[in-house]
Amino acid sequence: MDTLMQQVINGLSLGSVYALIAVGYSLVYSILLFSNFAHGGFLVIGGYICYFMLRNMGSSIWIAAFAALIGAGVSAVVVERLAYKPIRERTPVTLYMLIASMGMSIVIENIFVVTIGGRFRALPPVIPTQPVDFFGIATTSAFDLLSLVTAVVFLVALQLFLSKTKWGLAIRAAAYNLKTAGLMGVNVNRLISIVFFVAGLLAAVGGIFLSVRYTLYPQLGAMITTKAFVAAVIGGLGSLPGAVVGSLILGLAEMLAAGFISSQFRDLIVFGLLIITLIVRPTGLFGKSVGEKV
Amino acid sequence: MSEIKKPLLSVKNVSVNYGAINALKNANLDVYAGEIVAVIGANGAGKSTLMNAIMGSVPRAEGEITLDGTPLPAKSFQVVSAGISLSPEGRKVFAPLTVLENLEIGAFPLKKQSDVEEQMQKVFRLFPRLEERKAQYAGTLSGGEQQMLAIGRALMAKPRVLLLDEPSLGLAPIIINEIFKELTEVNHQLGMTILIVEQNAKKALMLSHRAYVIQTGAITMEGASKDLLNDPVIVEAYLGGKK
């Protein structure tokens, strides 16, 4: 029972970090209708900014994290401007952007390999990891609770941004029909930049926690992108609640598999879930259903 | 209506090409303040292309479009800020957003919240049905209500010229009558200048003051709508019969 509770908390914690990645990924998908495989690159960029600010500049975690969030957000905007904007201005075929994103993913990964090397780096111990007693029902680590709380805070902030602000409304409209949103007086290029900035920023939050959990290395992004992709598909591509629920399911499945079967089965379970989703409910849990009358 | 007055919206010599196809050839069209102008023509004649060229959603190969003498900017969002809104073909309401949110997004270029509310009241006065359904998702409205929402949404930006692309598309005749009656109200109550493109030539000619006929990308006729309604060529080609 103790192990179960502990693994559930760990699973929710891991899942909520996946959710930060998957939500940004799904947000981009909902606007531009392509899978941005460079998305994991943003979390690696965030992770390295945080690492070097802590190691070499002696910054506090707050300043390092702030720089990581902004840096990853800006680099996401730059990637969009360099790699995707020229394509989407020329053709409505989104497949080309998908291919470009695979290219950008390789580019970002290898920029780190050639400049600072591919070795594994551990973030300085700035995030507490000591065990804590969780209301007497389970023992878990402070790190797991902290990542869960942080992820929830950022996801709630995103939800507030989307539901309460003018640009949030524009993003929701654009997720349904980008071109029509442009006809409403929305500057579509600025909207896309905002979406990429938000996606990059959220990825960096996840990146910092994941580099504490797994250590930091250039290929971390590619691994996590795959997880976020699976989570987004389970939840329904392009749906933000879907991305969150899908991520939680994934985190729980991974941790329960690790706790009760073997940690080697984790990825098998992940891809098993993907296959089952695609067979049983290809649109995912929250696939789009409201139609337009013509 | 047109003695010495300058047109509010003026399309001069505009051509649009899709690859090798000339979708619009040297189109000239003027709309004066306060009038309703219709553009009628068959399927694929270039009516929607004309609308898209004005809105900046297709690049024009040549020509100039001016609003009150000033050339219109190139991008759609700038055109809306300049004072032209479109109710697009097929309505294109944002189905997963509520009626209220659809109207709010229509007011995107407005800076002041008080302007948004003022505009919202005007739209609700014209379309009380939208106020009754403001909390409902746009995707659950009937076709006619969605068309009202598309028109209301376009009015939210406080435009100087309202463009309507096929407002009768896919609607039952009784609903079309209702929509066209409301368009007359939009013109009367708000003094709104309207440019409408329609396949339903009879309805469009009855609604409008002046009209243009477009055929395979070129404007072939123009005149007062009541004259065109009795023109034997028009009757034969667009009004389904001889008189």
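Residues numbered from 1 in each chain as written. Chains lettered and ligands numbered in written order. Predicted model: local features only at pLDDT ≥ 70, side-chain atom pairs only at ≥ 80, totals over all residues.

**Q** Looking at this structure, I do not really get the interface of chain A and chain B. What am I missing?
**A** When the parts come together, some accessible area is lost, and that loss is often what is quoted as the size of the interface. With 20 residues of chain A at the interface, the matching set in chain B holds 26 residues. Elements supplying a minimum of two residues to the side of chain A that touches chain B: helix H6 (166-176) and helix H7 (178-183) of chain A. Ranked by residues supplied to the side of chain A that touches chain B, first place goes to H6(A) with 6 residues. Its residues assigned to classes, the side of chain A that touches chain B shows 10 nonpolar, 6 polar and 4 charged. (Contact = placed C-beta atoms within 7 Å. Helix = DSSP H or I, 4+ residues; strand = E, 2+ residues; numbered from the N terminus. Nonpolar A, V, L, I, M, F, W, Y, C, P; charged D, E, K, R; others polar.)

**Q** What exactly am I supposed to notice about the packing of helix H3 (residues 61-88) of chain A against helix H4 (residues 95-116) of chain A here?
**A** Two numbers describe a pair of packed helices, the interaxial angle and the distance between the axes. Residue and element names in this part refer to chain A. As a packed pair, H3 and H4 sit with axes 9 Å apart at the nearest point and diverge in direction by 155°. It follows that H3 is roughly antiparallel to H4 by the angle criterion. Of the two possible hands of crossing, H3 and H4 adopt the one that is right-handed. Contact residues: Val-79, Ala-83, Tyr-84, Ile-87 and Arg-88 in H3; Tyr-96, Met-97, Ala-100 and Met-104 in H4. Class assignment of the residues belonging to the contact of H3 with H4 gives a composition of 8 nonpolar, no polar and 1 charged. (Axes fitted to C-alpha atoms, helices over the stretch in contact; angles between N-to-C directions. Parallel < 35°, antiparallel > 145°, perpendicular 65-115°, else oblique. Left-handed = near helix turned anticlockwise from the far one by under 90°.)

**Q** Where do I start with the packing of helix H6 (residues 143-155) of chain B against helix H7 (residues 173-190) of chain B in this structure?
**A** Residue and element names in this part refer to chain B. Taken N-terminus to C-terminus, the directions of H6 and H7 make an angle of 20°; their axes are 10 Å apart at the nearest point. Judged on the interaxial angle alone, H7 and H6 are roughly parallel. The way H6 lies across H7 gives a crossing that is right-handed. Between H6, through Gly-143, Gly-144, Gln-147 and Met-148, and H7, the contact on the second element is made entirely by Ile-175, Glu-178, Ile-179 and Glu-182. Looking at the contact of H6 with H7, its residues break down into 3 nonpolar, 3 polar and 2 charged.

**Q** Can you walk me through the pairing of strand S7 (residues 161-165) of chain B in this structure?
**A** In the case of a regular strand, side chains alternate between the two sheet surfaces. All names here are of chain B. When you tally the buried positions in S7, you get 5 out of 5 residues, the bulk of the element. Residues Val-161, Leu-163 and Asp-165 of S7 are buried on one face, and the alternating residues Leu-162 and Leu-164, pointing to the opposite face, are buried as well. Summarising the sheet, strand S6 (residues 84-87) and S7 pair through 4 bridges and their orientation is parallel. Bridge pairing in S7 links Ser-87 to Leu-164. Pairing between S7 and strand S8 (residues 193-198): 5 bridges, direction parallel. Along S8, the bridge assignment pairs Val-161 with Thr-193. (Buried ≥ 20, exposed ≤ 12 C-beta atoms within 10 Å, placed from the backbone. Pairing = 2+ DSSP bridges.)

These results come straight from atomic positions and should not be treated as a statement about function.
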